[in-house]
Amino acid sequence: QKNGVSNGTLYKKTFIEHFEQAPMYVAVLTFLGFGVGTVFGYLRDFMRAWGLEKRNVAAEREEQKDFVPLYQDFENFYTRNLYMRIRDNWNRPICSVPGPQFDLMERVTDDYNWTFRFTGRTIKNVINMGSYNYLGFAETDVNALKTVTIELQKYGTGICSTRQEMGTLDKHVELEKLVAKFLGVEDAMVFGMGFATNSMNIPALVGKGCLILSDELNHTSLVLGARLSGATIRIFKHNNMQSLETLLRDAIVYGQPRSRRAWRKIIILVEGIYSMEGSIVRLPELVTLKKKYKAYLYLDEAHSIGAVGATGRGVVEYFGMSPDDIDVLMGTFTKSFGAAGGYIAGKKDLVDFLRTHSHSAVYATSMCPPVAEQIIRAMKCLMGLDGTTQGLQRVRQLGKNTRYFRRRLHEMGFIIYGNDDSPVVPLLLYMPGKIGAFARRMLEKNIGVVVVGFPATPITESRARFCVSAAHTREMLDTVLNALDELGDFLHLKYSRYSKSSHPELYEETRLE
Amino acid sequence: MDIKSTKNYLYWLYCQFELITCSYLMEPWEKLLFYTFNITMLATVLYATYTFVPGHVSMAFQLLLRFFGNQHENTVSIVK
């Protein structure tokens, strides 16, 4: 299924996204699996309630039994009965740097995932397909971290203050200037935590009487920030510009709900790359819409900064647009820069306003200096200011790895979601039984993957999410792809109806018969 | 050789059944319960098929003949 180019001149290169639907029997069997799981869930709850089985769950005390029940809703039922059975695939502790390969602490369970114990051994050199290490800056190479070590010895690790009191160091000023130069905007402000950047700054920008138009699949930090602000929130369908335009027209024509006054501000919240789908936002159409209806645009580039674009400057560069078109550029340093924290960039007026009015600036501790130095060195490497072309090589390597990985997976016949250029690759698993089996068997083959099910995804569309990194070599990707091929055949995961032959190399030689 | 690949195929089919019905995730006693229930239901359905379906099919056939041709009634006799 390919998306055609609707406005011919708006997109400079083809925008291909896949959201293939599996055959109908897959949905039926998924529901069957959940049905059996639910029936056994009720059976186990019955046994626990009548004392036939030991209770390991959270339950109310005897004195509270007559009050409103706390644990009867579906979410708790699901957690007790379905999530507990496959819980060993999440929260696995690692004990090395999350580079392209890492070490896992081995843990076993004696009572079906209610408790875990560590055996003391570590599983070495597990290929890491789950960390957001897009450019490979999560490294322990001493030469690379020289400046970070110097700053650590100069400043220490603690700041012990907020930005507005005594927490603004010269490192922060240097970093902010560098971020502004990197993105091509007037000014930027950095914060200590990426999640808090969204949730603490959106309330500073919008308030009561404003309208927030947010994408269906926005991250929790954006949703939390929107709810904390007190503005009216309306949701448009994922990446669907017609739905957004309808909402914008209704907002302008009808105004606020009861008083029919004009909205004080209309702001559109979108992300650069959506981490569960791997889809890229339709930025050219969005900017046209925003200019036509005079709304503001807040772009969260958490996963796309450093990962897409010819020189790693995010979706703005990917579409060949100017950063002046976007009102608020937000991003995080956690994913591509191997550090922690977030930034908001844009016009100088905006950033000066945030310096005085953001909750994060007033109350949250600022970023610590070694982390700031890590971002500075990563950004200098990306921009080429350290005198090497290593940054550009990393971006190109990531692009190559992404295209290779996605192409091979499509050829094998798996259903993959998302844009062809996004390094986040969700592979659809659908059935709840396969989630556990997939993750466990991949770990047996020494590959660490992240699987996601309900409630992070819709109930029928559970998936395994791969994050391709520039630090992965071709051999590592081939190991993973061969393991996926084998596992796909064993678990019957190759549902795609559009795949080419699964072994194209057998058919490439000319037949001289 | 054929026996081995058939056995592998049957094992693979069993694994698929386990994965689809979530019995891969169940504890052993739950699996026992689930399989007992399934096998009992399957046995009941098969027994019912064996006992009743031939009778039903012949009765349906008879009904069909009555609608479609009175002239054949004398020449064709159905053994019950």
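As annotated in an unreviewed UniProt entry, chain B is Serine palmitoyltransferase small subunit B from Eurystomus gularis. Of chain B, the UniProt comment under Subcellular location (unreviewed entry) reads exactly: "Endoplasmic reticulum membrane". In its Sequence similarities (unreviewed entry) section, UniProt records this for chain B: "Belongs to the SPTSS family. SPTSSB subfamily."

Looking at an unreviewed UniProt entry, one finds chain A named serine C-palmitoyltransferase, with Eurystomus gularis as its source organism. Recorded in UniProt under Sequence similarities (unreviewed entry), the annotation for chain A is "Belongs to the class-II pyridoxal-phosphate-dependent aminotransferase family." If you open the UniProt record of chain A and go to Cofactor (unreviewed entry), you find "pyridoxal 5'-phosphate".

A. Representation of the overall build of chain A within the structure. Counting its secondary structure elements, chain A contains 15 helices and 15 strands. Computed over the C-alpha atoms, the radius of gyration of chain A is 25 Å, within 12% of the 24 Å expected from 2.2 N^0.38 for a compact globule of 513 residues. Overall, chain A is about 80 × 65 × 55 Å in size when its C-alpha atoms are taken along their principal axes. Burial status across chain A gives 52% buried among its 513 residues. Considering only residue pairs separated by 6 or more positions, chain A has 71% of its internal contacts joining residues 24 or more positions apart. Total accessible area on chain A stands at roughly 24,300 Å², and carbon and sulfur atoms take up 55% of it. Taking the average place of the 63 positive charges on the side chains of chain A and the average place of its 55 negative ones, the gap between the two points comes to 3 Å.

B. Here's a closer look at the interface of chain A and chain B. On the chain B side, the residues contacting the 22 residues of chain A number 16 residues. Summing both partners gives a buried area of about 1,900 Å² for chain A against chain B, and 71% of it is carried by carbon and sulfur. Scanning the region where chain A abuts chain B turns up three salt bridges. With a shortest N-O distance of 2.8 Å, Glu 30 of chain B and Arg 85 of chain A are connected by a salt bridge. At the surface where chain A touches chain B, the tally comes to seven residue pairs in polar contact (both at pLDDT 80 or more). Of all the secondary-structure elements, those providing two or more residues to the side of chain A that touches chain B are α1 (24-49), α14 (432-444) and α15 (474-491) of chain A. No other element matches the eight residues that α1 of chain A contributes to the side of chain A that touches chain B. The class makeup of the residues in the side of chain A that touches chain B is 13 nonpolar, four polar and five charged.

C. Representation of the pattern of salt bridges in the model. All names here are of chain A. The full count for this structure, using the stated rule, is 34 salt bridges over all chains. Between Asp 103 and Lys 124 there is a salt bridge, with the nearest N and O atoms lying 3.7 Å from each other. In this pair, Asp 103 sits in strand β2 (residues 101-108) while Lys 124 sits in strand β3 (residues 117-128), placing the two residues 21 residues apart along the sequence. With relative accessibility at 14%, the residue Asp 103 sits in the buried group. Several salt bridges converge on common partners, so that one network encompasses Arg 163, Glu 176, Asp 187, Lys 348, Asp 352 and Arg 355.

D. Summary view of the nonpolar core. Counting 67 residues, the largest nonpolar core has Ile 268, Leu 283 and Phe 333 of chain A as its most contacted members. The contact partners of Leu 283 of chain A, leaving out residues within four places of it in the chain, are Leu 297, Leu 299, Val 315, Val 316, Phe 319, Met 321 and Ile 326 of chain A. Phe 405, Ile 416 and Leu 427 of chain A together with Leu 19 of chain B belong to the second largest nonpolar core, which has 36 residues in total.

E. Focus on the domain arrangement of chain A. Residue and element names in this part refer to chain A. Domain assignment breaks chain A into domain 1 (30-78), domain 2 (88-128 + 390-491) and domain 3 (142-383). Once you take the C-alpha centre of each, domain 2 and domain 3 turn out to be 28 Å apart. Taken together, the 19 residues of domain 2 in the interface contact 18 residues of domain 3. A per-residue breakdown of the area domain 2 buries against domain 3 is headed by Val 395, Val 424 and Arg 465, which together make up 29% of the total. Where domain 2 touches domain 3, the interface holds one salt bridge. The interface formed by domain 2 and domain 3 includes eight residue pairs in polar contact (both at pLDDT 80 or more). Going through the elements one at a time, α13 (390-412), β11 (418-419), β12 (424-428) and β15 (463-467) are the ones with two or more residues in the side of domain 2 that touches domain 3. Of the residues forming the side of domain 2 that touches domain 3, the biggest block, six residues, is contributed by α13.

F. Highlighting the confidence of the model for chain B. The predicted model of chain B has a mean per-residue pLDDT of 86, with 85% of residues at 70 or higher. Among the scores for the predicted complex, ipTM is 0.78 and pTM is 0.88.

G. Broad picture of the state of the cysteines. Tallied over the full model, the rule gives zero disulfides over all chains. No disulfide involves Cys 368 of chain A; its sulfur sits 11 Å from that of Cys 160 of chain A, the nearest cysteine. Given the relative accessible area of 23%, Cys 368 of chain A is considered partly exposed. Not part of a disulfide, Cys 22 of chain B finds its nearest cysteine sulfur in Cys 15 of chain B, a span of 14 Å. Residue Cys 22 of chain B is classed as buried on the basis of its relative accessible area of 3%.

H. How the structure looks around the packing of helix α5 (residues 194-205) of chain A against helix α10 (residues 348-357) of chain A. Residues and elements named next belong to chain A. Between α5 and α10, the shortest axis-to-axis distance is 10 Å and the interhelical angle comes to 105°. If you check the angle between α5 and α10, you find them roughly perpendicular. Contacts from Asn 201, Ala 204 and Leu 205 in α5 reach Leu 350, Phe 353, Leu 354 and His 357 in α10.

I. Molecular detail of the pairing of β3 of chain A. Residues and elements named next belong to chain A. Pairing of β2 with β3 involves six bridges; the strand directions are antiparallel. Bridging across to β3, Gln 101 finds its partner in Ile 127. In this sheet, strand β13 (residues 447-448) lies alongside β3 in parallel orientation, the contact comprising two bridges. Residue Ile 127 lies in a different strand from β13, and its bridge partner there is Ile 447.

J. Region of interest: the packing of aromatic side chains. Considering all chains together, one arrives at 20 aromatic pairs over all chains under this definition. Ring centres 5.7 Å apart and planes at 75° place the aromatic pair Phe 40 of chain A and Phe 34 of chain B in the edge-to-face group. Remark: Phe 34 of chain B occurs in helix α2 (residues 28-68) and Phe 40 of chain A occurs in helix α1; the pair is interchain, linking two chains. Of the two residues, Phe 40 of chain A and Phe 34 of chain B, both sit in the buried class. The interplanar angle of 40° and the centroid separation of 6.2 Å between the aromatic rings of Phe 34 of chain B and Tyr 35 of chain B together place this pair among those described as tilted.

Conventions and cut-offs
Residues numbered from 1 in each chain as written. Chains lettered and ligands numbered in written order. Predicted model: local features only at pLDDT ≥ 70, side-chain atom pairs only at ≥ 80, totals over all residues. Heavy atoms only, no water. UniProt positions renumbered as here; feature names shortened; annotations may be inferred. Helix = DSSP H or I, 4+ residues; strand = E, 2+ residues; numbered from the N terminus. Rg over C-alpha atoms; globule rule 2.2 N^0.38 Å. Buried < 20%, exposed > 50% of the residue type's maximum accessible area, 1.4 Å probe, protein only. Contact = heavy atoms within 4.5 Å. Areas by Shrake-Rupley, 256 points an atom, 1.4 Å probe, with all protein chains shown as cover. Lys, Arg positive; Asp, Glu negative; His and termini not counted. Charge placed at Lys NZ, Arg CZ, Asp CG, Glu CD. Buried area = accessible area lost by both parts, 1.4 Å probe. Salt bridge = Lys/Arg side-chain N within 4 Å of Asp/Glu carboxyl O. Polar contact = N/O pair within 3.5 Å; in protein donor to acceptor, adjacent residues only side chain to side chain. Nonpolar A, V, L, I, M, F, W, Y, C, P; charged D, E, K, R; others polar. Core = buried A, V, L, I, M, F, W, Y, C linked by side-chain atoms within 4.5 Å. Domains from an automatic or database assignment. pLDDT = per-residue confidence, 0-100. Disulfide = S-S within 2.5 Å. Axes fitted to C-alpha atoms, helices over the stretch in contact; angles between N-to-C directions. Parallel < 35°, antiparallel > 145°, perpendicular 65-115°, else oblique. Pairing = 2+ DSSP bridges. Phe/Tyr/Trp six-rings, centres within 6.5 Å; stacked < 30°, edge-to-face > 60°.

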